[in-house]
Amino acid sequence: MAKVSILQCSGCGASLSPDNSKCAYCGSVNVITAEVDPFKLDADLKSKYTSYFREKAASNPRDVSALYSVGLFYLELKSYDLAVKNFSEAISQSPDDPDVYYYYVLALNGGKKPRKLMLKDASKMEEYLNTSLQLSRQAKTLYLLALIKEDFYTGNCLKMPGQDTASLVSEARTLPAADEDISFMLNHVLIKDDNLLSLINNQ
Ligand SMILES: [Zn+2]
């Protein structure tokens, strides 16, 4: 699950907009910073935090967590070019967060069919996913790599380099995977092959 830092009321647990020093719901002044799933915030808060992190990143272009947070909000909106730009800047600041590479690849794929990628783009995406896997072996990353490789190489009748799909999927199945991560992934990668989808859905 993706995480961003937002303000939260420690009294009632409400998520608060970035300019709050007091809870708008219970009046508590105990406002804390909490790590939350950005995709679960309501639309108004998403929009406020997008502006907030965008300004933060503009005032400090080395702020990896602001760049990453903006990237996630754009990714969810399917504003892929803007998401790519923010993730790419976050990566150029050398993050060691495996999720930045993972979400960067989802943004690069841009809601399309992996088989339609150019070879150099598919190779670049594999490289980023392998970097993510070197930092942490996560099911969602293995599944995404399997989807991209299978659809791109097998779909285009090309020889697949490196770890094959079956081995990626069998490794992924030994690891915990959240349904919400899988559905988020499939929302940004267009796969029509039912056999391939069944590998991922029948965990
Ligand atoms: Zn409150």
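Just above, that's the structure.
Residues numbered from 1 in each chain as written. Predicted model: local features only at pLDDT ≥ 70, side-chain atom pairs only at ≥ 80, totals over all residues.

Colleague: Help me understand the overall build of the protein in this model?
Modeller: On a plain count of helices and strands, the protein comes out with nine helices and three strands. Mapped from its N terminus to its C terminus, the protein presents α and β elements in the order β-β-β-α-α-α-α-α-α-α-α-α. Relative to the compact-globule value of 17 Å for 203 residues, the protein shows a C-alpha radius of gyration of 18 Å, a close match. With respect to the three principal axes, the spread of C-alpha positions in the protein is 60 × 35 × 25 Å. (Helix = DSSP H or I, 4+ residues; strand = E, 2+ residues; numbered from the N terminus. Rg over C-alpha atoms; globule rule 2.2 N^0.38 Å.)

Colleague: Whenever I open this one, the environment of Arg-173 confuses me. Can you help?
Modeller: One can find Arg-173 in helix α7 (residues 165-173). For the pair formed by Arg-173 and Cys-12, sequence separation is 161 residues and the distance between their alpha carbons is 38 Å.

Colleague: In this structure, what is going on with the packing of helix α4 (residues 98-109) against helix α5 (residues 119-135)? I would like to understand it.
Modeller: Helix packing for two helices is described by the angle between their axes and how far apart those axes are. Closest axis-to-axis distance for the α4/α5 pair is 8 Å, and the angle between their directions is 160 degrees. Considering their axes alone, α4 and α5 lie roughly antiparallel with respect to each other. As α4 runs across α5, the sense of the crossing is left-handed. Contacts between α4 and α5 involve Pro-98, Tyr-101, Tyr-102, Tyr-104, Val-105, Leu-108 and Asn-109 from the former and Asp-121, Met-125, Tyr-128, Leu-129, Thr-131, Ser-132 and Leu-135 from the latter. A class-by-class count of the residues in the contact of α4 with α5 yields 10 nonpolar, three polar and one charged. (Axes fitted to C-alpha atoms, helices over the stretch in contact; angles between N-to-C directions. Parallel < 35°, antiparallel > 145°, perpendicular 65-115°, else oblique. Left-handed = near helix turned anticlockwise from the far one by under 90°. Contact = placed C-beta atoms within 7 Å. Nonpolar A, V, L, I, M, F, W, Y, C, P; charged D, E, K, R; others polar.)

Colleague: Is there a simple way to think about helix α3 (residues 80-92) in this case?
Modeller: Helical geometry note: an α-helix holds 3.6 residues per turn, so side chains three or four residues apart project in the same direction. Between its terminal C-alpha atoms α3 stretches 18 Å, which fits the 18 Å expected from 13 residues at 1.5 Å a residue. Within α3, burial applies to Ala-83, Val-84, Asn-86, Phe-87 and Ala-90. On its buried face, α3 sits against α2 (64-76) and α4. Positive backbone phi, approximately 55 degrees, marks Ser-94, located one or two places after α3. (Expected span 1.5 Å × (residues − 1). Buried ≥ 20, exposed ≤ 12 C-beta atoms within 10 Å, placed from the backbone.)

Colleague: What am I meant to see in α4 here?
Modeller: Its 12 residues place the ends of α4 17 Å apart at the C-alpha level, agreeing with the 16 Å of an ideal helix rising 1.5 Å per residue. Of all 12 residues in α4, 10 are buried; the element is thus mostly enclosed. The complete set of buried residues in α4 reads Val-100, Tyr-101, Tyr-102, Tyr-103, Tyr-104, Val-105, Leu-106, Ala-107, Leu-108 and Asn-109. For α4, the elements touching its buried residues are α2, α3, α5, α6 (139-154) and α8 (179-188).

Colleague: Help me understand the nonpolar core in this model?
Modeller: Nonpolar side chains tend toward joint burial in soluble globular proteins. Formed by 53 residues in total, the largest nonpolar core has its most connected members in Phe-87, Tyr-103, Tyr-104, Val-105, Ala-107, Tyr-143 and Leu-144. Here the element with the most residues in this core is α6; it accounts for 10 residues. Those residues in contact with Tyr-104 that lie beyond four places of it in its chain are Phe-87, Ser-88, Ile-91 and Tyr-128. (Core = buried A, V, L, I, M, F, W, Y, C linked by C-beta atoms within 7 Å.)

Colleague: Whenever I open this one, unusual backbone geometry confuses me. Can you help?
Modeller: Most peptide bonds take the trans form, and the phi angle of most residues other than glycine is negative. The backbone phi angle of Lys-78 is positive, close to 60 degrees, even though this residue is not glycine. Counting through the fold element by element, Lys-78 comes out in the loop between α2 and α3. Look at Cys-157: it is not a glycine, yet its phi comes out positive at around 55 degrees. Turning to its location among the elements, Cys-157 is positioned in the loop between α6 and α7. Residue classification places Cys-157 among the exposed residues on the basis of 6 C-beta atoms within 10 Å.

Colleague: Honestly, the environment of His-188 in this entry has me stumped. Any pointers?
Modeller: Structurally, His-188 can be placed in helix α8. Along the chain, His-188 and Ala-107 lie 81 residues apart, while their C-alpha atoms are 7.7 Å from each other. The contacts of His-188, once residues within four sequence positions are left out, are Leu-106, Asn-109 and Gly-111.

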